[in-house]
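Structural overview
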Amino acid sequence: MHKIYLSLLLASVTYAQSVNFDKILNLTLENNKDLKNQQLNTDLAKLNTKTIDSINYGKLSVTEELSRTNHSGYVFNSKLSSREATFRDFGFAQQNEGMDVQPRDLNYPDARNNYNTKLIYEVPLFTGFKLSNQKDILELQEKANEIKYNLDKKELTFEVLKAYNSAVVAKEFVKALQKAKVAITQIVKSADAFHKEGLVTKIDVNEAKVYELNINSQLIEATNNFELALAYLKFLSSDDSISDVESLENINFEIPQENLLYNQALENRDEIKMQDIQVNATKKNINIANSAYYPSVYSHLEYGFNDDKLTLDDEKDYYIALVGINLTLFDNTRDIEKEKSKIEYAKASLNSEKLKDAIKLELQKTILNLQTKENILKEKIEAKNLANEVLEQAKLLYQNHLISMTTLLSQEANFRKNEALLIQANYEKSLALAKINLALGKNLNNKENN
């Protein structure tokens with residue numbers, strides 16, 4: 001039995017692991033299904049671009065058509081196509097019967113098999129620049145998918161940072177409450193000792209025990225919150241072996257001067273790059289609409305064999321070489337489509353300006369938010385230190401019977417509250433730093449390039 005228990009313990013230790021932010025992030029980026037989907041979208045966009053090249057190369061096909069009919073037109077045509085037509089097929093055998101006689105051989109031929117084997121090559125020669133503009137749009141879409149992948153990656157990195165630091169904060173709360181439990185246990189023991197000596201009443205002891213029970217319940221809740229935070233990290237990273245986290249992750253970087261912030265954001269933000277692509281794509285759509293005003297030129301090359309049986313006899317072969325030009329003289333829908341394309345281009349341009357204004361506001365908000373969080377953190381550090389001094393003084397005063405248990409527990413609670421607020425302030429500052437990074441279009445993972 002002891003051996004089984006030891007084996008289970010060793011197994012749990014082997015598969016459990018404490019992770020830092022970089023480890024969690026790498027696992028998440030490697031296993032995230034949304035990122036894999038976005039990568040597939042990029043691959044699809046590349047194939048769509050290759051489709052236009054394929055159209056420009058044309059299409060080569062082999063066709064085999066087999067038919068059997070007694071339709072006079074088809075039978076006569078198939079005989080002509082295979083170079084087997086005779087004067088009898090025209091009805092010349094009945095020429096002495098007069099001009100109004102219906103030739104039986106021509107109108108009522110015997111049923112005939114026909115095999116038409118042909119090789120066809122078709123290629124567009126000129127499309128009014130439609131294909132070239134479509135290729136440009138597809139290449140822009142390809143770039144847009146790559147940028148979207150990077151944007152999703154940055155947003156996922158921020159989500160991992162929030163989740164990881166939330167788990168660290170939950171762990172810090174557990175540690176703080178564990179210390180509180182140790183401290184309140186000492187207070188309970190002191191109250192018991194004083195009560196036995198008749199120095200305090202039973203009320204002091206009970207007050208301390210009630211406070212101890214409350215600390216226990218808070219510790220249970222904090223432990224549960226920590227487990228929930230770990231569960232979310234396991235979900236993000238697809239790694240069920242995670243059992244602990246290390247220290248709080250702060251994205252440390254040098255914030256540019258205020259006059260450079262906006263320009264750097266415009267240069268780095270993926271949203272701006274995607275909007276620029278949208279503007280260029282709608283501009284290309286105007287060119288595609290213009291292509292309807294140009295003539296289209298196409299070609300058709302065909303080489304084949306026609307006979308009443310399968311053959312490659314050069315006596316039965318034929319060829320067709322065709323070049324066609326199509327020019328639309330009147331179609332009012334062309335003007336409508338062109339105007340619609342111009343409107344879409346104007347809308348995309350307006351959205352681009354709107355996005356730039358939004359980024360400017362976002363930068364201002366994130367800078368102010370960071371300044372606020374830094375000031376709050378300084379206050380919370382000082383508040384915790386003062387609360388700790390007051391608590392230690394209160395303990396001495398209680399031991400000298402100068403204050404009541406209620407006052408002592410009140411100071412204990414005040415210290416724990418300030419400790420919790422400090423933990424929360426550290427967490428909020430870490431997010432404020434990360435949000436500025438995102439607002440500037442940077443990766444939160446310093447090991448990656450933008």
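The model shown is predicted, which means the values in this text are computed figures rather than measured ones. (Residues numbered from 1 in each chain as written. Predicted model: local features only at pLDDT ≥ 70, side-chain atom pairs only at ≥ 80, totals over all residues. Heavy atoms only, no water.)

On to the side chain of Ser82. Residue placement: Ser82 occurs in the loop between helix H4 (72–81) and helix H5 (87–90). At a separation of 3.0 Å, a polar atom in the side chain of Ser82 contacts the side chain of Arg112. Those residues within four positions of Ser82 in sequence are excluded, and the remaining contacts are Arg112, Asn306, Asp307 and Lys316. (Helix = DSSP H or I, 4+ residues; strand = E, 2+ residues; numbered from the N terminus. Polar contact = N/O pair within 3.5 Å; in protein donor to acceptor, adjacent residues only side chain to side chain. Contact = heavy atoms within 4.5 Å.)

Let's shift gears to the packing of helix H8 (residues 202–237) against helix H12 (residues 405–439). Their axes nearest at 9 Å, the elements H8 and H12 cross at an angle of 20°. Put simply, H8 runs roughly parallel to H12. As for the relative orientation of H8 and H12, their crossing is right-handed in sense. Taken together, the residues of H12 that come into contact with H8 (itself represented by Asp204, Glu207, Ala208 and Tyr211) are Met405, Thr406, Leu409, Glu412, Ala413 and Arg416. (Axes fitted to C-alpha atoms, helices over the stretch in contact; angles between N-to-C directions. Parallel < 35°, antiparallel > 145°, perpendicular 65-115°, else oblique. Left-handed = near helix turned anticlockwise from the far one by under 90°.)

In this section: the pairing of strand S5 (residues 296–307). Pairing of strand S3 (residues 112–126) with S5 involves 11 bridges; the strand directions are antiparallel. Residue pairing in the sheet places Lys118 in a bridge with Gly304 of S5. Where S5 lies against strand S6 (residues 317–326), 10 bridges are found, and the strand directions are antiparallel. Bridge pairing in S6 links Tyr298 to Gly324. (Pairing = 2+ DSSP bridges.)

A positive phi angle, near 60°, is found at Ser238, a position not held by glycine. Following the sequence through the fold, Ser238 ends up in the loop between H8 and strand S4 (242–245). Ser238 gets classed as partly exposed once you look at its relative accessible area, which sits at 44%. Its identity as a non-glycine residue notwithstanding, His401 has a phi of 60°, on the positive side. Along the chain, the position of His401 falls in the loop between helix H11 (333–399) and H12. (Buried < 20%, exposed > 50% of the residue type's maximum accessible area, 1.4 Å probe, protein only.)

Per the counting criterion, the structure on display carries 23 salt bridges. Asp152 serves as the salt-bridge partner of Lys148, at 2.8 Å between the closest nitrogen and oxygen. Of this pair, Lys148 and Asp152 both sit in helix H7 (residues 130–196), 4 residues apart, which is roughly one turn of that helix. Judged by its relative accessible area of 19%, Asp152 is buried. Here Arg416 ties to Glu412 by a salt bridge, and the two come within 2.5 Å at their closest N and O atoms. Within this pair, Arg416 and its partner Glu412 are both found in helix H12, separated by 4 residues, close to a single helical turn. Per residue, the accessibility class of Arg416 equals that of Glu412, and both read buried. Salt bridges sharing common partners tie together Glu84, Arg112, Asp307, Asp308, Lys309 and Lys316. (Salt bridge = Lys/Arg side-chain N within 4 Å of Asp/Glu carboxyl O.)

Turning our attention to the side chain of Thr311. Secondary-structure assignment places Thr311 in the loop between S5 and S6. Under the relative-accessibility criterion, Thr311 is labelled buried at 17%. In this structure the side chain of Thr311 is engaged in a polar contact, spanning 2.9 Å, whose partner is the backbone nitrogen of Asp313.

Counted at 1.5 Å a residue, the expected span for helix H3 (residues 33–57) with its 25 residues is 36 Å, and the 36 Å between its end C-alpha atoms agrees. Looking at H3, one finds that the buried residues are Leu35, Gln38, Thr42, Ala45, Thr49 and Ile52. With a side-chain oxygen positioned 3.1 Å from the backbone nitrogen of Asp34, the residue opening H3 is Asn32. Looking one or two places after H3, you find Gly58, whose phi comes out positive at around 90°. (Expected span 1.5 Å × (residues − 1).)

Between helix H10 (residues 270–290) and H11, the least distance of the axes is 8 Å, while the angle of their chain directions is 170°. Compared by their axis directions, H10 and H11 come out roughly antiparallel. Partitioning the contact of H10 with H11 into residue classes produces 8 nonpolar, 9 polar and 8 charged. (Nonpolar A, V, L, I, M, F, W, Y, C, P; charged D, E, K, R; others polar.)

On to the confidence of the model for the protein. Overall, the prediction assigns the protein a mean pLDDT of 88, with 95% of residues at 70 or greater. Between residues 1–15, whose pLDDT stays under 50, and residues either more than four places distant or in other chains, the model counts 1 contact. (pLDDT = per-residue confidence, 0-100.)

All told, the structure shown has 8 aromatic pairs when counted by the stated rule. Ring centres 5.0 Å apart and planes at 85° place the aromatic pair Phe76 and Phe90 in the edge-to-face group. Taken together, the residues span a long stretch of sequence, with Phe76 in helix H4 and Phe90 in helix H5 at a distance of 14 residues. Its relative accessible area of 39% is what places Phe90 among the partly exposed residues. (Phe/Tyr/Trp six-rings, centres within 6.5 Å; stacked < 30°, edge-to-face > 60°.)

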